Amino acid sequence: MTVTRVTLEENEIPTHWYNVVADMPNPPSPPLGPDGKPVGPEQMLAIFPGNLLEQEMSGERWIPIPDAVRDAYRIWRPTPLIRATRLEAALGTPAKIFYKYEGVSPSGSHKPNTAIPQAYYNKQAGINRLTTETGAGQWGSSIAFAGQMFGVEVRIYMVKISYGQKPYRRSMMQTWGAEVFASPSDMTQTGRAILAKDPNSLGSLGIAISEAVEEAAGRKDTNYSLGSVLNHVLLHQTVIGLEAKKQFEKIGEYPDMIFAPCGGGSNFAGIAFPFFADKAAGKNVRLIAVEPTSCPTLTKGVYAYDFGDASGFTPLMQMYTLGHDFMPPGIHAGGLRYHCDSPLVSQLYHEKLIEAVAVPQLATFEAGVKFARAEGIIPAPESCHAVRACIDEALRCKESGEPKTLLFNLSGHGHFDMASYDRYFAGELEDFEYPQEAIAASLAHLPKVG
Ligand SMILES: *Cc1c(COP(=O)(O)O)cnc(C)c1O
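Since this is a predicted model, take the numbers as computed values, not measurements.

Caption draft 1: Examining the nonpolar core more closely. Counting residues in each nonpolar core, the largest one holds 36 residues, and the members touching the most others are Val20, Phe268, Phe273, Leu287, Leu298, Val345 and Leu407. Looking at this core, the elements that each hand over two or more residues are α12 (239–251), β10 (257–261), α13 (266–280), β11 (286–292) and α15 (343–350). Top contributing element to this core by residue count: α13, with eight residues. When near neighbours in sequence (up to four residues on either side) are disregarded, Val345 contacts Leu234, Gly265, Phe268, Ala269, Phe273, Leu298 and Ile354.

Caption draft 2: Structural context of the pattern of salt bridges. Under the criterion given, the structure shown has 22 salt bridges. A salt bridge links Glu102 to Arg77; its shortest N-O distance comes to 2.8 Å. Of this pair, Glu102 sits in the loop between β5 (96–101) and α5 (112–124) while Arg77 is found in the loop between α3 (67–73) and β4 (81–83), placing the two residues 25 residues apart along the sequence. What emerges from the salt-bridge pattern is a single network uniting Arg129, Glu153, Arg155, Glu179 and Glu215.

Caption draft 3: The site of the ligand, seen in detail. Close to the ligand lie 17 residues, the nearest being Lys111, Ser228, Gly263, Ser266 and Asn267. Gly263 has a polar backbone atom sitting 2.7 Å from an oxygen atom of the ligand. The backbone of Gly265 places a nitrogen or oxygen atom 2.8 Å from an oxygen atom of the ligand. Burial of the ligand by the surrounding chains reaches 97%, relative to a free accessible area of 380 Å². Residue classes in the shell around the ligand are distributed as three nonpolar, twelve polar and two charged.

Caption draft 4: Structural view of the state of the cysteines. By the definition in use, this model includes zero disulfides. Cysteine Cys384 is unpaired, with the sulfur of Cys390 as its nearest cysteine sulfur at 13 Å. Since its relative accessible area comes to 0%, Cys384 is described here as buried. In this structure Cys390 is a free cysteine whose sulfur lies 8.9 Å from that of Cys397, the closest cysteine sulfur available.

Caption draft 5: A look at the environment of Val180. Relative to the assigned elements, Val180 resides in strand β8 (residues 179–183). On the basis of relative accessibility, which here comes to 9%, the residue Val180 falls in the buried class. Counting along the chain gives ten residues from Val180 to Arg170, while the straight-line C-alpha distance between them is 7.0 Å.

Caption draft 6: Quick peek at the side chain of Ser346. Of note, Ser346 is situated in helix α15. In terms of polar contacts, Ser346 uses its side chain to reach the backbone carbonyl oxygen of Asp341, at 3.4 Å. Leave out the neighbours within four places in its chain, and Ser346 touches Tyr303, Met319, Tyr320 and Asp341.

Caption draft 7: Expanded view of the sheet that holds strand β9 (residues 222–224). Across the sheet, four strands lie side by side as β8-β7-β6-β9; this open sheet has parallel pairing. In the strand order of this sheet, the two ends are held by β8 and β9, each with one partner. Between one strand and the next, the sheet's axes are offset by a mean angle of 25°, whatever the strand orientation. Where strand β6 (residues 129–134) and strand β7 (residues 153–159) come together, six bridges link them in parallel fashion. Looking across to β7, one finds that Glu133 is bridged to Tyr157. Contacting β6, β7, β8 and β9, helix α10 (residues 205–218) crosses the sheet at an angle of about 170° to β6.

Caption draft 8: Representation of the packing of α12 against α13. The contact between α12 and α13 brings their axes to 7 Å, and the two run at 55°. Relative to α13, the element α12 lies oblique. As for the relative orientation of α12 and α13, their crossing is right-handed in sense. Here Ile240, Gly241, Leu242, Ala244, Lys245 and Phe248 of α12 come into contact with α13, specifically with Asn267, Gly270, Ile271, Pro274, Phe275 and Asp278.

Caption draft 9: Structural context of the sheet that holds β4. Judged by pairing direction, the sheet is mixed, and its seven strands sit side by side in the order β1-β4-β5-β15-β10-β11-β14 without closing on themselves. The open sheet has two free edges, formed respectively by β1 (5–6) and β14 (355–359), since each of these has just one partner strand. Bridging between β1 and β4 involves two bridges; their strand directions are antiparallel. Bridging from a neighbouring strand, Arg5 pairs with Ile82 of β4.

Caption draft 10: Structural context of the packing of helix α16 (residues 361–375) against helix α18 (residues 418–425). The N-to-C vectors of α16 and α18 enclose an angle of 105°; their axes lie 11 Å apart at closest approach. Classed by the angle they form, the pair α16 and α18 counts as roughly perpendicular. Mapping the contact onto sequence places Leu362, Phe365, Glu366, Gly368, Val369 and Arg373 in α16 and Ser420, Tyr421, Tyr424 and Phe425 in α18.

Caption draft 11: The environment of Thr2, seen in detail. Along the chain, Thr2 falls in the segment before β1. Between the C-alpha atoms of Thr2 and Arg83, which are 81 residues apart in sequence, the distance is 8.9 Å.

Caption draft 12: The arrangement of the side chain of Thr132 in detail. Positionally, Thr132 belongs in strand β6. Of note is the side chain of Thr132, whose polar atom sits 2.8 Å from the side chain of Trp139. At a separation of 2.6 Å, a polar atom in the side chain of Thr132 contacts the main-chain carbonyl oxygen of Ser225.

Caption draft 13: Main features of the pairing of β5. With five of its six residues buried, β5 lies for the most part within the structure. Pairing of β4 with β5, which is carried by three bridges, proceeds in the antiparallel orientation. Pairing of Arg83 across the sheet is with Phe98, part of β5. Bridge analysis of β5 against strand β15 (residues 405–410) gives six bridges, and the strand direction is parallel. In the sheet register, Tyr99 faces β15, and the bridge partner there is Phe408.

Rules used throughout
Residues numbered from 1 in each chain as written. Predicted model: local features only at pLDDT ≥ 70, side-chain atom pairs only at ≥ 80, totals over all residues. Heavy atoms only, no water. Core = buried A, V, L, I, M, F, W, Y, C linked by side-chain atoms within 4.5 Å. Buried < 20%, exposed > 50% of the residue type's maximum accessible area, 1.4 Å probe, protein only. Helix = DSSP H or I, 4+ residues; strand = E, 2+ residues; numbered from the N terminus. Contact = heavy atoms within 4.5 Å. Salt bridge = Lys/Arg side-chain N within 4 Å of Asp/Glu carboxyl O. Near = heavy atom within 4 Å. Polar contact = N/O pair within 3.5 Å; in protein donor to acceptor, adjacent residues only side chain to side chain. Areas by Shrake-Rupley, 256 points an atom, 1.4 Å probe, with all protein chains shown as cover. Nonpolar A, V, L, I, M, F, W, Y, C, P; charged D, E, K, R; others polar. Disulfide = S-S within 2.5 Å. Pairing = 2+ DSSP bridges. Axes fitted to C-alpha atoms, helices over the stretch in contact; angles between N-to-C directions. Parallel < 35°, antiparallel > 145°, perpendicular 65-115°, else oblique. Left-handed = near helix turned anticlockwise from the far one by under 90°.

Right, here's the structure in full:
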């Protein structure tokens, strides 16, 4: 009988995170201040704890996972590696398709892998309050849950349009004890200034980030936390790939290609980086980030220094970007509507060590439905991107007869996204053209460096 579900014991949860910096051919380019000079940790200490900043700057290959964090991981980890035999049969492909299922976490995605250590390290540093932003609510609910685990209060600025559209994500955050405000709010100067100009503003991720950062910078007892992009976030996510490697070892398999949806880059890095270590040592494995054609950061963006937020509050980071004021079309994969990508993922892509592909919205839902009908699990709209790219490869294998081993990250389930599936079934979803003009306009505003 073919093994379809590969599980690990609790004591096989990784003891260390893997830091890809140790295996990169070139050191990461430093974040820069408005003056074009590298930003030192001192300036970041206003909003991040020292222990996380140390990880942000670290070049050590292995970083120990604290016992209290491994203990909290046990609530849902190790996550299963599953062979999608029913999907293989439905496609008639000779390829073996595996997926790592991160939707088994309490909030339903991979995001608690970093929310848990972020809450823990802030608590260790004597911080009892965190602010953050959330768009669709995946990150907000993850940090609300993590804050509750370690006795850290959490305040979340939720983009106003999502606050109205995703009431149950908000209920989750409140169930885990977090305060949730629709952004723009009247709690911050940023919010008040925007409301004064436009009382009906529906908000944006950039505005919500600015509100959360403003509050954290202005209060000694409060730090800010971010759910993607930064090096320490990617580091924490490597538990996904480290577990997957052990699981493949158990069944004597190894993936030829790995796919993951890519918004800020954290779940892609989480599953791919531990395999990058093998690639750096000469092994043949292809790592593919999958993004929407409507927000094609890696495939159509430029590699440049840019801000991480819309208002220009953050340090400048060298990364693939569509321009910090690019406003992507309103696709349903909210987690993939970010104007830039993690600096580490960007640098590896720039050096041609990883690959990227863009897929259109309708095809992602078609793939998600096909997957749900074969395998049972309903993927989050973000995850549907990886499902699409993996199915496309499986179909190429069908043509060529190659029995490749494929792995994708099922980064979350879609239980809070059924309204998007409804719209797909009603034929109301559309493919957005590549927003060439909007991107060109935004790229014209890239900050000048040096
Ligand atoms: C947030 C999210 C993503 C995208 O974020 P990354 O940082 O690129 O991982 C992908 N899938 C799900 C389910 C998410 O919640």
